[in-house]
Amino acid sequence: MSIFTAQDRFYMQMALDLAARGTGHTSPNPLVGAVVVKDRKVVGRGWHERFGGPHAEVNALNQAGDKARGAALYVTLEPCNHTGKTPPCTEKILTAGIRRVVVAMRDPNPGVKGGGNDRLRAAGLEVAEGLAEDAARRQNEFFIKHVRTQKPFVILKCAATLDGRIATRTGDARWVSGPESRGFVHDLRHAVDAILVGVGTVKADDPSLTTRLPDRKGCDPKRIILDTRLSIPLKARVLTQSSPSETILVAGPEASPEARHKLTGTGARVLVAPVKDGGIDMAALMATLGREGIASILVEGGSRISGSALQAGIVDKLLLFYAPKLLGGDDGVPICRGQGPERMQDCLNVADVNVHRFGPDIMLEGYLHTGSTHR
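What you see is a predicted model; the values in this text were computed from it and never measured. (Residues numbered from 1 in each chain as written. Predicted model: local features only at pLDDT ≥ 70, side-chain atom pairs only at ≥ 80, totals over all residues. Heavy atoms only, no water.)

**Let's talk about the layout of surface pockets**
Link 1 in the chain: The space that makes up the second largest pocket amounts to roughly 950 Å³.
Link 2 in the chain: Forming the boundary of the second largest pocket are 41 residues, of which Thr23, Gly24, Phe142, Ala191 and Val192 lie nearest the centre.
Link 3 in the chain: Mapped by element, the contributors of at least two residues to the lining of the second largest pocket are helix H5 (133–139), helix H6 (141–149), helix H7 (179–191), strand E15 (317–322), strand E17 (351–358) and strand E18 (361–367).
Link 4 in the chain: Top contributing element to the lining of the second largest pocket by residue count: H7, with five residues. (1 Å grid on protein atoms, 1.4 Å probe; cavity = no way out; pocket = protein on both sides within 12 Å on 5 of 7 lines; lining within 4 Å. Points joined across faces, edges and corners; volume = space filled by probe spheres on them. Helix = DSSP H or I, 4+ residues; strand = E, 2+ residues; numbered from the N terminus.)

Have a look at this one:
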């Protein structure tokens, strides 16, 4: 077992902070940060900046230059030992003359797991593993789920009153939560590959489903609209606005060819998926989207979509925002619609629950499938 010092922990935290700078730009590849340290001084920093670009280790070693010889490398993910879009990072490390490598977590990809660390050890380098592993796994929970299962990591988000309503009886939901909570959600939209809602939400609210950040330009997620019969209005904002990301309309097999033709004419893509219990089969849809390279999805739909996603067993993570408000009646729109279990013992169990504050709101964060995500 490796023994790590306080300095080791400091430099690995620096590498994790660097990795976070790639959020929204590297998918379906992971977030990775790297720091080169020589004589207790940082001589190189790097992170994976974009999909297809140089890896974090390469950027850090290039910055370090000749100072990398005899230095230590701290990296949040096991260096790759295979040729993909870029050459193996292990060869770059060996050529640079690094003597010690500290790795937060092994590569979870079944095809390459362990290869990088083993290659470096075989060449005589000291390799230590497991420093800040839990933090690294949580940072890369999208990548871990996708590379292991070829299905996206799914986050279910909703905002509700303290008595569990996401809208009034008239459907008014503007605004349940406060500006701080909404700001966090836009950061989340920047981070994920896609956002999913039902056509009912589009008809009721006409949302843009884009990313709006106050201090920088964010990445718009792909917009996935579940619309079994393709009844979305042609003037809907998701079909008419300017955005570099595509809108995907998910229809059932019975949707009319005429509707498909009209909607593809707007620039949207129509994806036909199986239907189950009168709605889109969400489990089958996740498999299809995962094969397309979509590694993460934020579900922001209404109560029927939320209920369907939970019943289909596709949700990995919950983000439930509770505003300090009460409707005080039983006629508002609940968080979920649909039939639930008859017995309390059959409830879905939520693990690793944490509480966060955003202004006056409280957000509960928890996991439903910890075995397939960051664990």
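Here the narrative resumes, following the displayed structure.
**A short note on the packing of helix H3 (residues 89–96) against helix H4 (residues 115–122)**
Link 1 in the chain: The geometry of H3 relative to H4 is characterised by a closest axis approach of 10 Å and an angle of 25° between their N-to-C directions. Judged on the interaxial angle alone, H4 and H3 are roughly parallel. H3 and H4 meet at a crossing whose hand is right-handed. Touching Thr90, Glu91, Ile93 and Leu94 of H3 are Gly116, Arg119 and Leu120, all from H4. (Axes fitted to C-alpha atoms, helices over the stretch in contact; angles between N-to-C directions. Parallel < 35°, antiparallel > 145°, perpendicular 65-115°, else oblique. Left-handed = near helix turned anticlockwise from the far one by under 90°. Contact = heavy atoms within 4.5 Å.)

**Concerning the pattern of salt bridges**
Link 1 in the chain: For the structure on display, the rule yields 20 salt bridges.
Link 2 in the chain: A salt bridge links Asp316 to Lys145, with the nearest nitrogen and oxygen atoms 2.8 Å apart. Here Asp316, found in the loop between helix H12 (303–311) and E15, pairs with Lys145, found in helix H6; they are 171 residues apart in sequence, far enough to count as distant. One exposure class covers both Asp316 and Lys145, and it is buried.
Link 3 in the chain: As a salt-bridge pair, Asp346 and Arg343 come within 3.1 Å of each other at their nearest N and O atoms.
Link 4 in the chain: What makes Asp346 partly exposed here is its relative accessible area of 39%.
Link 5 in the chain: Arg343 sits in the partly exposed class, given a relative accessible area of 47%. (Salt bridge = Lys/Arg side-chain N within 4 Å of Asp/Glu carboxyl O. Buried < 20%, exposed > 50% of the residue type's maximum accessible area, 1.4 Å probe, protein only.)

**Examining the sheet that holds strand E3 (residues 72–77)**
Link 1 in the chain: The sheet built from five strands is open, its strands ordered E2-E1-E3-E4-E5 with mixed pairing. Edge positions in the sheet fall to strand E2 (41–47) and strand E5 (126–129), since each has one partner strand and no second. With direction set aside, neighbouring strand axes in the sheet form an average angle of 15°.
Link 2 in the chain: When strand E1 (residues 33–38) meets E3, the two strands line up antiparallel, connected through four bridges. If you follow Ala34 over to E3, its bridge partner there is Val75.
Link 3 in the chain: Its contacts with the sheet put H4 on strand E4 (100–105) and E5, and the angle it makes with E5 is roughly 150°. (Pairing = 2+ DSSP bridges.)

**Regarding the packing of aromatic side chains**
Link 1 in the chain: Within the structure shown, the criterion is met by six aromatic pairs.
Link 2 in the chain: Consider the rings of Phe321 and Phe358, whose centres lie 6.0 Å apart with planes at 50°: the pair is tilted. Here Phe321 is found in strand E15, whereas its partner Phe358 is found in strand E17, with 37 residues between them in sequence.
Link 3 in the chain: Using a relative accessible area of 17% as the deciding quantity, one classes Phe358 as buried.
Link 4 in the chain: Ring pairing ties together the aromatic residues Phe10, Tyr11 and Tyr74, which thus form one cluster.
Link 5 in the chain: Seen from the ring of Trp175, Arg174 lies directly overhead, with NZ or CZ sitting 4.5 Å from the centre.
Link 6 in the chain: The ring centre of Trp175 lies 4.3 Å from the NZ or CZ of Arg182, which sits over that ring. (Phe/Tyr/Trp six-rings, centres within 6.5 Å; stacked < 30°, edge-to-face > 60°. Lys NZ or Arg CZ within 6 Å of the ring centre and 35° of its normal.)

**Some words on the sheet that holds strand E14 (residues 296–299)**
Link 1 in the chain: Read across the open sheet, the nine strands follow the order E11-E10-E9-E8-E14-E6-E15-E18-E17; overall the sheet is mixed. At either end of the open sheet lies a strand with only one pairing partner, and these are strand E11 (269–272) and E17. Each strand axis lies, on average, 20° off the axis of its neighbour in the sheet, ignoring direction.
Link 2 in the chain: As paired elements, strand E6 (residues 153–160) and E14 share four bridges and run parallel to each other.

**Points about unusual backbone geometry**
Link 1 in the chain: Look at the link from Ser27 to Pro28: it is a cis peptide, with omega at 5°.
Link 2 in the chain: With respect to the helices and strands, the residue Pro28 is situated in the loop between helix H1 (6–20) and E1.
Link 3 in the chain: The amide bond that connects Arg174 to the next residue, Trp175, takes the cis arrangement and shows omega of -10°.
Link 4 in the chain: Positioned with a positive phi, Gln150 is a non-glycine residue whose angle comes to about 60°.
Link 5 in the chain: Structurally, Gln150 is set in the loop between H6 and E6.
Link 6 in the chain: In this structure, Leu230 is a non-glycine residue whose phi angle is positive, near 55°.

These values are about where atoms sit, not about what they do.
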